[in-house]
Amino acid sequence: MQTVDSGSRRDSIETLSAIERRVLWLAVRIVDYANRERPSGDDLKVGGHQASSASMVTLMTALWLADMDARDRVSVKPHASPVMHALEYLLGRLDRPYLTRLRDFGGLQSYPSRTKDPFPVDFSTGSVGLGSAAPLFAALADRYVDTRFGASTGGRFISLLGDAELDEGNVWEALVEPLARKLGNVLWIVDLNRQSLDRVIPGIRAAELEAQFRTNGWEVIELKYGRRLRAAYARPGGDLLRRRIDEMPNEQYQSLFGASEELVRETVLEPFSGRERSALAGLLEDYAGGVAELVRDLGGHDLGDVLAALARARETTERPTVIFAYTIKGFGLEIAGRPQNHSALLTAEQIDDFRARTGLTPATEWDGFAPDSPEGRLLAAARGRLDRGERPLPTPIAVPPTLSERDPGTTSTQAAFGRALLELSRVDGLGERLVTVSPDVSVSTNLGGFINKTGVWGPEEEPVYDAMEDSPLKWRVGPGGQHLEMGIAEMNLVLALGQLGLTWDFQRERLFPVGALYDPFVMRALEGIVFSVYQGARFVLCGTPSGISLSREGGAHQSLSTPGIGIETPGLTYCEPAFARELEWLLADGLRRLQEPDGQSLYLRLSTKPIDQAPFAAAAARRGEEALRADVVAGGFRLREPSPSEDRVLIATCGAMAPEALAAAELLADDEGVESTVLCLSSPDRLYHDWRRARTGPVRGGAATTPCHLESLLGPDERGLPVVTVIDGSSHALAWLGSALGTRCVPLGVDAFGQTGSQPEVYAAYDVSPEAIVTAALVALEP
């Protein structure tokens, strides 16, 4: 690819250099204005990262203006967002008023955001490490969509990340994932400035880091020395200078920034004696007065070298590429390389001096370049190359509302989940767009039937070495498969799930990604889940098995906190069905809602506990199929109707606790003469947020809403009854029902780590047995 559009290479680099200086100024001034001049409305520091932005300016200027095109997708280091803002402004893709609205309500976000920024952003970043790894899984999703549907962006998936981000474990989990090994359309650029938030990164780690990438099959390009340093190395004594700089610890090297010329010279000469010292001193004499500048000449700030590295990276198409670009944090600023410069801000006097050195005035400081100038022409050409034009969104895909017409005898929701996926795979137009993902738990989460029918995905057909006829799982790998089997790394699972859930945008192809993992490990994956839904990704996440109902596994595998996570995570709808058809309806409804403009991802918390389906069939007969389905997808339904009685209570439950709630209702009626209405909360999340909207609409200045679904489930004479809530998880997840109903509530749940035993033993120990529910109901009835 031609990396410049007109003129000689030298003229083009000079033009790029002029734009680079303007980008640095704008990035710094954007942060400065937000902190010093704009009224803030409170006493909090606005913040921003001038030094972290400065180290990326050369790299991003070259990438945006001389390398990337419309097919590429890029993730930007969180603290370099002002550089992206400056580039997008100069390209004419961000309106000028936004430059003074960094970290302002409705303005430019602190860190790149797909869903909040006022201009198109490919990847949200902010949680370091996740935004870096996401493009790797976006490239995997691109490969999948290409092999399955012939659709691809045709470009690269690029990560710009700081070297301190390589401390994040999820980066290395992503690196070793076998499915990511041969993704030749992946490019990472590491801003190796040797500084983190608090300190200079100790020691010399670059060689170790590069070796790790090579070990995992990556092409490694190093941009370490600038042209002036390389020229010095070629002269007599240059080998000594190179050895000294290479062996100097990061802490000592960073101490040279801001040091006097004399101190820099003595530090360089310090370990040498005799002839070596004399040879190196002779070389340094040739650079008298400029030794300090010489030792700071790093490749990541040499436009020519950066362009050459980007061109070389484009030539590598069989494996991912990483560029280690040595840079200076705060390059071009008075705070360059200084300790604790991460969130340091230039003073007003320093800003005035910088403005003057850039050739600007207070009247022209926000100006772009004239269209007929060399810079203006280069920017116009880059804008044309980056323009993606209008791309229609995929048309909605019909999802059947029901999958079966009768209830099985006894089954678990996990087993029902496996059967539902298999049924969905047979639906024309929908089945081929299902894709499942699991971290080496396919069999134990009931994905086997789906995998046997659709196969396992791989970029190439793989030979079958173990074709045992009695195996429950037929493992056939090829580009026609619809299941991605990943290693045991839950963060990789949810990052891949999130990127598969964005193909509607990147490739304009709709997928229905379904991920399955053990529910306790939802917490391990939580940050990746939040990252993915914050980006607007749409997927189904199945956490199974869950709770202490997995009684023989003990506390390490018994999830407690996940219901609260489900309710409290924006962009994710949590459902916990108890019955098979309830699960089917929720899953089908969730797949339909994934396609809506404001749709959400779906989290199903399931169980391996077999449950008699007769009570659900009875509820369907009483209520009618369509009405019951409407109740289920709205968040809850009446599972048991009470007989007339003077003493009555409400019992609200979900998931695996439904049989215990029903058993308690029978005990109350038979032994205590107390009748119970049992509510089954298919989605405590949906039910809660529906109730909250109904109550906060007038508070937010809106009109009063119609009664919420929770209220519609109860008759007028039931709304003041005391309520017992019971869930196989933390009790607080359903405790809000007392407030919602304005009545006394006794919440039951599991608020301590579980242990091994039979289900009856464990339920009794944690007060979620039928007898415990009865006791709670009697307490609730006390005057």
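Okay, so let's go over this structure. Computed from a predicted structure; not experimentally measured.

## Some thoughts on the sheet that holds strand β3 (residues 186-192)
- With parallel pairing, 5 strands are arranged side by side in an open sheet as β1-β2-β3-β5-β4. Only two strands of the sheet have a single neighbouring strand rather than two, namely β1 (73-75) and β4 (219-223). Taking the axes of each pair of neighbouring strands and ignoring which way they run, one obtains an average angle of 15° across the sheet.
- Looking at chain direction, β1 and strand β2 (residues 157-162) are connected through 3 bridges and run parallel. By the bridge assignment for β2, Arg 73 is matched with Phe 157.

## Points about the environment of Arg 385
- As for its position among the elements, Arg 385 is in helix α16 (residues 374-386).
- On the accessibility criterion, Arg 385 (16% relative accessible area) is buried.
- C-alpha separation for the pair Arg 385 and Ala 70, spaced 315 residues apart in sequence, amounts to 6.1 Å.
- A polar contact of 2.8 Å, which involves the side chain of Arg 385, links it to the backbone oxygen of Met 68.

## Considering helix α5 (residues 130-149)
- Here α5 spans 27 Å end to end across 20 residues, near enough to the 28 Å set by a 1.5 Å rise per residue.
- Among the 20 residues in α5, 15 count as buried, and that is most of the element.
- Within two residues after α5, Gly 150 carries a phi angle of roughly 70°, on the positive side.

## Remarks on the sheet that holds strand β17 (residues 647-653)
- On the basis of which strands lie adjacent, the open sheet formed by 5 strands has the order β16-β18-β17-β19-β20 and mixed pairing. This sheet does not close on itself; its edge strands, each paired only once, are β16 (637-640) and β20 (745-748). Taking each pair of neighbouring strands and ignoring which way they run, the sheet shows an average axis angle of 25°.
- Inspection of the sheet shows β16 paired to strand β18 (residues 674-680) by 3 bridges, in the antiparallel sense. Within the sheet, the bridge partner assigned to Arg 640 lies in β18 and is Val 678.
- In the packing of helix α29 (residues 732-741) onto the sheet, the strands contacted are β17, β19 (723-726) and β20, and the crossing angle to β19 comes to about 160°.

## Here's the deal with the nonpolar core
- Membership of the largest hydrophobic core comes to 113 residues, with the highest contact counts inside it found for Trp 188, Phe 213, Leu 241, Leu 280, Phe 324 and Leu 484.
- Apart from residues lying up to four places away in sequence, Phe 213 is in contact with Leu 166, Trp 172, Leu 175, Trp 188, Trp 218, Val 220, Val 322 and Phe 324.
- Membership of the second largest hydrophobic core comes to 71 residues, among which are Leu 594, Val 746, Ala 777 and Ala 780.

## Details of the pattern of salt bridges
- Under the counting rule described, the total for this entry stands at 56 salt bridges.
- In this structure, the salt-bridge partner of Lys 224 is Asp 246, at a minimum N-O distance of 2.8 Å. A residue pair is termed long-range when its members are at least 10 positions apart, and Lys 224 in the loop between β4 and α8 (227-233) and Asp 246 in helix α9 (residues 238-247) qualify at 22 residues.
- Look at Asp 246 and you get partly exposed, because its relative accessible area is 26%.
- Bridged by salt links that share partners, the residues Arg 29, Asp 32, Arg 36, Glu 37, Asp 352, Arg 355 and Glu 365 form one connected network.

## Topic: the state of the cysteines
- According to the stated counting rule, one finds 0 disulfides in the structure shown.
- Free cysteine Cys 654: the closest other cysteine sulfur is in Cys 680, separated by 7.2 Å.
- For Cys 654, a relative accessible area of 0% gives the class buried.
- Cys 708 takes part in no disulfide bond, and the closest cysteine sulfur to it belongs to Cys 745, at a distance of 15 Å.

## Section: the environment of Thr 653
- Take Thr 653: it is sitting in strand β17.
- Contacts of Thr 653, omitting those with residues within four sequence positions, involve Ala 658, Ala 661, Val 678, Leu 679, Cys 680, Leu 681, Val 726 and Leu 734.

## Observations concerning α9
- Within α9 the residues assigned to the buried category are Gly 238, Leu 240, Leu 241, Arg 244 and Ile 245. When α9 is viewed along its axis, its buried side chains cluster within an angular range of 160° and face the same direction. Facing away from the buried surface of α9 by more than 90 degrees, the exposed residues are Asp 239 and Glu 247.
- Those residues of α9 that are buried are in contact with α8, α10 (250-254), α11 (261-269), α12 (274-285) and α13 (291-295).

The rules behind the values
Residues numbered from 1 in each chain as written. Predicted model: local features only at pLDDT ≥ 70, side-chain atom pairs only at ≥ 80, totals over all residues. Heavy atoms only, no water. Pairing = 2+ DSSP bridges. Helix = DSSP H or I, 4+ residues; strand = E, 2+ residues; numbered from the N terminus. Axes fitted to C-alpha atoms, helices over the stretch in contact; angles between N-to-C directions. Buried < 20%, exposed > 50% of the residue type's maximum accessible area, 1.4 Å probe, protein only. Polar contact = N/O pair within 3.5 Å; in protein donor to acceptor, adjacent residues only side chain to side chain. Expected span 1.5 Å × (residues − 1). Contact = heavy atoms within 4.5 Å. Core = buried A, V, L, I, M, F, W, Y, C linked by side-chain atoms within 4.5 Å. Salt bridge = Lys/Arg side-chain N within 4 Å of Asp/Glu carboxyl O. Disulfide = S-S within 2.5 Å. Arc of directions from axis to C-beta.

These results come straight from atomic positions and should not be treated as a statement about function.
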